[in-house]
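# Structural description and commentary
Each chain, letter by letter, is given below.
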Amino acid sequence: MRRSLRHCDDSPKTPFTHATWRREFPAMAVSVPEAREWVGSLLSVGVPSPLLDDVLLLLSEVVTNAITHSDSAHALGGQVTVQITRTGTTVRVEVTDAGSATTAPAVRAPNLEDDGGRGLWLVALLAEEWGFHRDETGGSVRFRLAEGD
């Protein structure tokens, strides 16, 4: 008797108190909603909705910045890597890209007339902690959110 194969995904079925996930995405705009969907499915069990909403908002901003402002989008096969770590009621996100020789992540004061430029301002406003790292292999932006912030 043959058993049929079942589809297997990496979405948790029970809440994790400590877990780390990592995934690479093409450095293209279509990866922003794909990253949101992936992280949303990972954290949908056990992470309160307000915290999850903030994680997904800031993730979108940081992935968009990585695609827009780093060399990842200009390199053939360029990638953006998203790493999520959940520890208890804390979620840490790190987005790694190819870096940029001409720019570094910076918080800009929002101007009401601007169409964009609020990404890191939102990260600085909402995250418990955030920062960036840059070296010869690329750059990364990280942030941490906790329940009750």
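Residues numbered from 1 in each chain as written. Predicted model: local features only at pLDDT ≥ 70, side-chain atom pairs only at ≥ 80, totals over all residues. Heavy atoms only, no water.

## Focus: the sheet that holds strand E5 (residues 138-146)
- Spatial ordering of the open sheet is given by E1-E2-E3-E5-E4, a layout of five strands whose pairing is antiparallel. Of all strands in the sheet, those with a lone pairing partner are strand E1 (18-26) and strand E4 (129-135), marking the two edges. Recorded for the sheet is a direction-independent mean angle of 15° between the axes of neighbouring strands.
- Note: E1 against strand E2 (residues 79-87), nine bridges, orientation antiparallel. Across the sheet, the residue bridging to Ala19 is Arg86, located in E2. (Pairing = 2+ DSSP bridges. Helix = DSSP H or I, 4+ residues; strand = E, 2+ residues; numbered from the N terminus. Axes fitted to C-alpha atoms, helices over the stretch in contact; angles between N-to-C directions.)

## Considering the packing of helix H2 (residues 49-69) against helix H3 (residues 119-126)
- Between H2 and H3, the least distance of the axes is 9 Å, while the angle of their chain directions is 145°. H3 is crossed by H2, and the crossing has left-handed handedness. On H3, the residues touching Asp54, Leu57, Leu58, Glu61, Val62 and Asn65 of H2 are Gly119, Leu120, Leu122, Val123 and Leu126.
- Among the residues making up the contact of H2 with H3, the classes are represented as seven nonpolar, two polar and two charged. (Left-handed = near helix turned anticlockwise from the far one by under 90°. Contact = heavy atoms within 4.5 Å. Nonpolar A, V, L, I, M, F, W, Y, C, P; charged D, E, K, R; others polar.)

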